[in-house]
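Below are the chains, spelled out letter by letter.
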Amino acid sequence: ALRKRVEVADEERSFAPDTETLGLELHKDSKFYQQWENFKNNNQYVNKVLDWKIRYEESDNAVVKASRFVTEKVGSLFGNLFEKTELSKTLTEICKIDPNFTAQKFLEDCANDIIPNILEAMVRGDLDILKDWCYEGVFNILATPIKQCKQLGYRLDSKILDIEQIELVMGKMMDQGPVLVITFQSQQIMCVRDAKNNVLEGDPDKVMRVNYVWVLCRDPQELNPKAAWRLLELSKQRGAINLSSCCLKLN
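Residues numbered from 1 in each chain as written. Predicted model: local features only at pLDDT ≥ 70, side-chain atom pairs only at ≥ 80, totals over all residues. Heavy atoms only, no water.

Under an unreviewed UniProt entry, the protein has the name Mitochondrial import inner membrane translocase subunit TIM44 and belongs to Papilio xuthus. Listed under Function (unreviewed entry) in UniProt, the entry text for the protein is "Essential component of the PAM complex, a complex required for the translocation of transit peptide-containing proteins from the inner membrane into the mitochondrial matrix in an ATP-dependent manner. Recruits mitochondrial HSP70 to drive protein translocation into the matrix using ATP as an energy source." (UniProt positions renumbered as here; feature names shortened; annotations may be inferred.)

*Asks:* Describe in detail the pairing of strand 3 (residues 177-193), supporting the description with residues and values.
*Replies:* Across the 17 residues that make up strand 3, a large majority, 17, are buried. Pairing between strand 1 (residues 155-156) and strand 3: two bridges, direction antiparallel. Within strand 3, the residue paired with Leu156 across the bridge is Val192. Remark: two residues form the turn of the hairpin made by strand 2 (residues 159-174) and strand 3, two consecutive strands paired antiparallel. Pairing analysis gives 14 bridges linking strand 3 to strand 4 (residues 199-218), with the strands arranged antiparallel. Across the sheet, the residue bridging to Val179 is Cys217, located in strand 4. Connecting the antiparallel pair strand 3 and strand 4 is a turn made up of five residues, with Asn197 showing a positive phi of about 75 degrees. (Buried < 20%, exposed > 50% of the residue type's maximum accessible area, 1.4 Å probe, protein only. Helix = DSSP H or I, 4+ residues; strand = E, 2+ residues; numbered from the N terminus. Pairing = 2+ DSSP bridges.)

*Asks:* Residues and numbers for the side chain of Asp109, please.
*Replies:* Tracing the backbone through its elements, the reader meets Asp109 in helix 6 (residues 103-124). Judged by its relative accessible area of 15%, Asp109 falls in the buried class. Sequence-distant contacts of Asp109, that is, excluding residues within four places in its chain, are made with Ile114 and Lys226. (Contact = heavy atoms within 4.5 Å.)

*Asks:* How would you explain the packing of aromatic side chains if you had to name every residue and give the values?
*Replies:* All told, the structure shown has five aromatic pairs when counted by the stated rule. On the basis of an interplanar angle of 50 degrees and a centroid distance of 6.0 Å, the ring pair of Phe101 and Phe106 is categorised as tilted. For Phe106, a relative accessible area of 2% corresponds to the buried category. When the ring of Tyr212 is compared with that of Trp214, the centres are 6.0 Å apart and the planes differ by 75 degrees; the resulting orientation is edge-to-face. Across the pair, Trp214 and Tyr212 agree in class, each one buried. Aromatic rings pair up to connect Phe101, Phe106 and Trp229 into one cluster. Positioned over the ring face of Tyr135 is Arg230, at 4.1 Å from the centre of the ring. (Phe/Tyr/Trp six-rings, centres within 6.5 Å; stacked < 30°, edge-to-face > 60°. Lys NZ or Arg CZ within 6 Å of the ring centre and 35° of its normal.)

*Asks:* Please provide a residue-by-residue account of the confidence of the model for the protein, values included.
*Replies:* For the protein, per-residue confidence averages 75 on the pLDDT scale, and 65% of positions sit at 70 or higher. Element-level mean pLDDT values for the protein span from 36 in helix 10 (residues 243-250) up to 95 in helix 7 (residues 127-133). Here residues 56-82 is modelled with pLDDT under 50, and outside its nearest four sequence neighbours on either side it reaches 39 contacts, counting other chains as well. This model gives residues 241-251 a pLDDT under 50, and the stretch forms 13 contacts once residues within four places in sequence are excluded. (pLDDT = per-residue confidence, 0-100.)

*Asks:* Before we move on, can you summarise the pattern of salt bridges with the specific residues and values?
*Replies:* Within the structure shown, the criterion is met by nine salt bridges. A salt bridge links Asp113 to Arg3, with the nearest nitrogen and oxygen atoms 2.4 Å apart. Taken together, the residues Asp113 in helix 6 and Arg3 in the segment before helix 1 (28-41) connect sequence positions 110 residues apart. Among the residues examined, Arg3 registers a relative accessible area of 14% and is labelled buried. (Salt bridge = Lys/Arg side-chain N within 4 Å of Asp/Glu carboxyl O.)

*Asks:* Break down the nonpolar core for me, with residues and values.
*Replies:* If you look at the biggest cluster of nonpolar residues, it comprises 39 residues, and the most contacted ones within it are Phe106, Met122, Leu130, Leu180, Ile182, Trp214 and Leu216. Among the secondary structure elements, those contributing two or more residues to this core are helix 5 (84-97), helix 6, helix 7, helix 8 (136-151), strand 2, strand 3, strand 4 and strand 5 (229-241). In terms of residue count, helix 6 provides more of this core than any other element does, 10 residues in total. Among the nonpolar cores identified, the runner-up in size contains 10 residues, and Tyr135, Met174, Val215 and Cys217 belong to it. (Core = buried A, V, L, I, M, F, W, Y, C linked by side-chain atoms within 4.5 Å.)

See below:
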């Protein structure tokens, strides 16, 4: 059963008075998203982390193709390039908002709550859940193919089988709040069917391994950590894996 973030939000919230606004401004989500875009576009290391899996998947290099399904850690590739103290500073600032916060607890929340809600909503085509957990920019990207399928009378017949190797790889303090970047793998079945139950895309018998990079940001005005984190951006790379080995692992 999927939930919305607002279903656990505290009734009492703290708000700071706005003494500087003189006219109409962008919604804070749009403002935050634009600030992140500006930061990302001007930071080559962040772009490398977000794009390396896609470029890895599309490479024509024979060596790359031969090793496509070998797990690689983003931290080992880019850890020396990105300022390591940035993540520590970000975690420190989060602790000021939430004294009970720890990196380990955050990863557990990602594994048990944040990732399942968003990822399941993606494969089920649940737009209400997605809209609640995502910023407008990434929601529009994820929602477009789902809406197109529904308009054509198609249905998603996809399943999430497993989530693993969740890692915290980057952190950044933005004006509107802290941003954390995580990577993880999922094993899932991707399939789209028409009204007559014919398979139009994907394969119900093929398990895909999908590598994700997610950018999550925290609303500093939200006191409940269960309701504070939202998805700002994602990238992914996928490939087929052996179904029998996956079944053996699940058993």
